[in-house]
Amino acid sequence: MKKVFALILTLAMVLSLAACGGGDQPASNDTPAGTDAPAAPSGEQSTEISGNVDLTFAAQEVGTAAYNYAAAIQTAIVKEIPGANISITTTSPGGVGAPVIVNGGAQCDIVMSNSAPAKWSMEEGILGNAPTSDICAIAGGLGHDFVNVMFTQKFVDATGITTVEELVAQKYPVKLVIKTNGTFGELAAEKVFEALGVTLEDVASWGGVVEKTGGDAIKSGLQDDLYDMTIDHIGAGQANTSELCLTHDMYDVQLGEETMAKMVEMGYDYVTVEANTWNGQTEEIKTVGSQQVILVPTSLDYAVAYHMAKAVCENKADLASAVAAMSYFDPETAGTRAPGATAEHPSAHPLLRCNPHRYADRRCPWRCRRNHNRSEERRRGKEGSARWGRDQV
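Throughout this description, residue numbers start from 1 for each chain and increase along the sequence as written. In view of the model being predicted, local features appear only for residues whose pLDDT reaches at least 70, and side-chain atom pairs are presented and counted only at 80 or more, with totals across whole chains, interfaces and linings using the full set of residues. Excluded from the side-chain calculations are hydrogens and water; all other atoms, namely the structure's heavy atoms, are used.

(A) Structural context of the overall build of the protein chain. A run of DSSP states H or I qualifies as a helix once it reaches four residues; a run of E qualifies as a strand once it reaches two. Both are numbered from the N-terminal end. Check the secondary structure of the protein chain and you find 16 helices and 12 strands. Only protein chains enter the calculation, and the probe is 1.4 Å; a residue is then buried if its accessible area is under 20% of its type maximum, exposed if over 50%, and partly exposed in between. Every one of the 393 residues in the protein chain was classed for burial, and the buried ones make up 52%. Note on areas: Shrake-Rupley with a 1.4 Å probe; residue coverage comes only from the protein chains shown. When the accessible surface of the protein chain is totalled, it reaches about 16900 Å², and 47% of it is carbon and sulfur.

Spelled out as structure tokens, the structure:
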């Protein structure tokens, strides 16, 4: 792992100059001889920690995915920084509101969010709050969550509608049930319809129903055929959806390629949902998702943030053992996956392969992200990129 870490360091130094400071100059592919232990690049701040490390990690209730992520990352950080005090609280509002509470260290020093809400929060504000200009990421791509769209089989049999695109084209008065306001599930539903040029209000205007409620009520309402359709942002094995598919005939909806492409432009990434993820799902589903990122304030001590990122990059096996979804985490792409979202903390530069931020120019992350995606399109070929995606998970 140390050799991989050293390679990441070298690539980060080369790509940072090309992507963020070198204009149209191509990056060199020459790789100097690595060393067993990484050192800070010339001109960077020291990575030696001085003083006590006392940080607050905001999570949700014990037993939630957010808490499990926090506990696993806490363990990795303490392993890397012996004596560090990383206090986990249950004050996080969830992935959508998380950027707000870590902005400038307002209520915590570390929080888990999803890359798309972090991007929207930084660019334009979220949940009625001003843009969160004082946040950055130390790593991304920690998970395998996805936008999940389902019809009841009864609805499909009665209407012949099998896609959201058909539903919108017919302006069908569907009975839709989704998560409550402020949740990422609710935002996912909004974004699916936004990609198709309509809103949830439009669905209601067709004579449809848009019910917003909790997960248990969604499950029971679909089981009783009170609703026709649901949209959520979840991971494989999510309890309510697993139970729903075991107890009721559901139809897994494939989003259209153009719809997915528009959602990728919004900040999502392409994701494949493997066959048999849900009972009765015999084929894989292509969709999009927004993975977990670790957010900190930009003012977080450079050396501390450096070792936090190092702890995550060098302890993938332990993290995956604690949280199965983190088996998808790839330290070599942690910098490219953090944002669609937000800028990396400058201390993470030696650790993350694609270095899309140098803090001298806050526009840089978005420019570098776009350049990275275009390079991927060229590498895979225009036709292949149009059919599927650039950043498969």
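From this point on, the discussion continues.
(B) Structural context of the pattern of salt bridges. Criterion for a salt bridge: a side-chain nitrogen of Lys or Arg within 4 Å of a carboxyl oxygen of Asp or Glu. One pass over the structure, following the stated rule, counts 10 salt bridges. The salt bridge involving Glu194 is made with Lys191; its shortest N-O contact spans 3.5 Å. Residue Glu194 and its partner Lys191 are located together in helix H7 (residues 184–195), separated by 3 residues, close to a single helical turn. With a relative accessible area of 42%, Glu194 lands in the partly exposed category. A relative accessible area of 11% places Lys191 in the buried class. The salt bridge involving Glu314 is made with Lys310; its shortest N-O contact spans 3.3 Å. You can see Glu314 and its partner Lys310 sitting in helix H12 (residues 302–314), 4 residues apart, about one turn around the helix. Classification of Lys310 as buried rests on a relative accessible area of 14%. Each of Glu80, Lys310 and Glu314 takes part in salt bridges that share partners, so that together they form one network.

(C) Structural context of helix H9 (residues 215–223). Listed as buried for H9 are Gly215, Ile218, Lys219, Gly221 and Leu222. The contact criterion used is simple: two residues touch if any of their non-hydrogen atoms lie within 4.5 Å. Of the surrounding secondary structure, the elements contacted by the buried residues of H9 are strand E5 (146–152), strand E6 (175–178), strand E8 (229–234), helix H10 (239–247) and strand E9 (250–252). In the stretch just after H9, Asp225 is the one whose phi turns positive, near 60°.

(D) Just the side chain of Asn315, in detail. Here Asn315 shows up in the loop between H12 and helix H13 (316–322). Definition of a polar contact: a pair of N or O atoms within 3.5 Å, with one able to donate and the other able to accept a hydrogen when the atoms are protein atoms, and with sequence-neighbouring residues admitted only if both atoms are side-chain atoms. Separated by 2.9 Å, the side chains of Asn315 and Lys79 make a polar contact. Not counting residues within four places of it along the chain, the set of residues in contact with Asn315 comprises Ala76 and Lys79.

(E) Quick look at the confidence of the model for the protein chain. Per-residue pLDDT for the protein chain averages 79, and the proportion of residues at 70 or more is 74%. Throughout residues 337–342 the model reports pLDDT below 50, and contacts reaching past four residues in sequence, or to other chains, amount to 30 contacts. By definition, pLDDT measures how confident the predictor is in each residue, and it falls between 0 and 100.

(F) Spatial organisation of helix H11 (residues 257–266). Of all the residues in H11, the buried ones are Thr259, Met260, Met263, Val264 and Met266. The arc that holds the buried residues of H11, viewed along the axis, is 150°, so those residues lie on one side. Turned more than 90 degrees away from the buried face of H11, the exposed residues are Glu258 and Glu265. Contact partners of the buried residues in H11: helix H4 (115–124), E5, helix H6 (164–170), H7, strand E10 (269–273) and strand E11 (285–289). Two residues or fewer past H11, Gly267 is found with a positive phi of approximately 135°. Arc, as used here, means the arc of the directions from the helix axis to the C-beta atoms.

(G) Here's a closer look at the nonpolar core. Counting residues in hydrophobic clusters, the biggest one holds 38 residues, and the most contacted among them are Leu167, Phe193, Met229 and Ile231. The greatest single-element share of this core, amounting to 7 residues, is contributed by H7. Residues in contact with Met229, not counting those within four places in the same chain, are Val149, Met150, Phe151, Val164, Leu167, Val174, Lys175, Leu176, Val177, Phe193 and Leu222. Only buried residues count toward a nonpolar core, which is a set of Ala, Val, Leu, Ile, Met, Phe, Trp, Tyr and Cys residues joined through side-chain atoms within 4.5 Å.

(H) Local environment of the pairing of strand E12 (residues 292–296). The buried count for E12 comes to 5 of 5 residues, which makes it a mostly enclosed element. Burial of the side chains of E12 extends over both faces: Gln292, Ile294 and Val296 are buried on one face and Val293 and Leu295 on the other. We treat two strands as partners when DSSP finds at least two bridges between them. Two strands pair when backbone bridges link them, and strand E3 (residues 110–114) and E12 are joined in this way by 4 bridges, in the antiparallel orientation. Bridged to Ser113 within E12 is Val293. Pairing of strand E4 (residues 136–140) with E12 involves 4 bridges; the strand directions are antiparallel. Within the sheet, the bridge partner assigned to Cys136 lies in E12 and is Val296.

(I) Structural context of the packing of H4 against H7. Where helices are involved, their axes are fitted lines through C-alpha atoms of the stretch in contact, as for all axes, and angles between N-to-C directions lie from 0 to 180°. Here H4 crosses H7 at 80°, and the two axes come no closer than 11 Å. Put simply, H4 runs roughly perpendicular to H7. Facing Ala116, Pro117 and Trp120 of H4, the residues of H7 in contact are Phe184, Leu187 and Lys191. Classification convention: Asp, Glu, Lys, Arg as charged; Ala, Val, Leu, Ile, Met, Phe, Trp, Tyr, Cys, Pro as nonpolar; all other residues, Gly among them, as polar. Class assignment of the residues belonging to the contact of H4 with H7 gives a composition of 5 nonpolar, no polar and 1 charged. Angles below 35 degrees are treated as roughly parallel, those above 145 as roughly antiparallel, those between 65 and 115 as roughly perpendicular, and all remaining angles as oblique.

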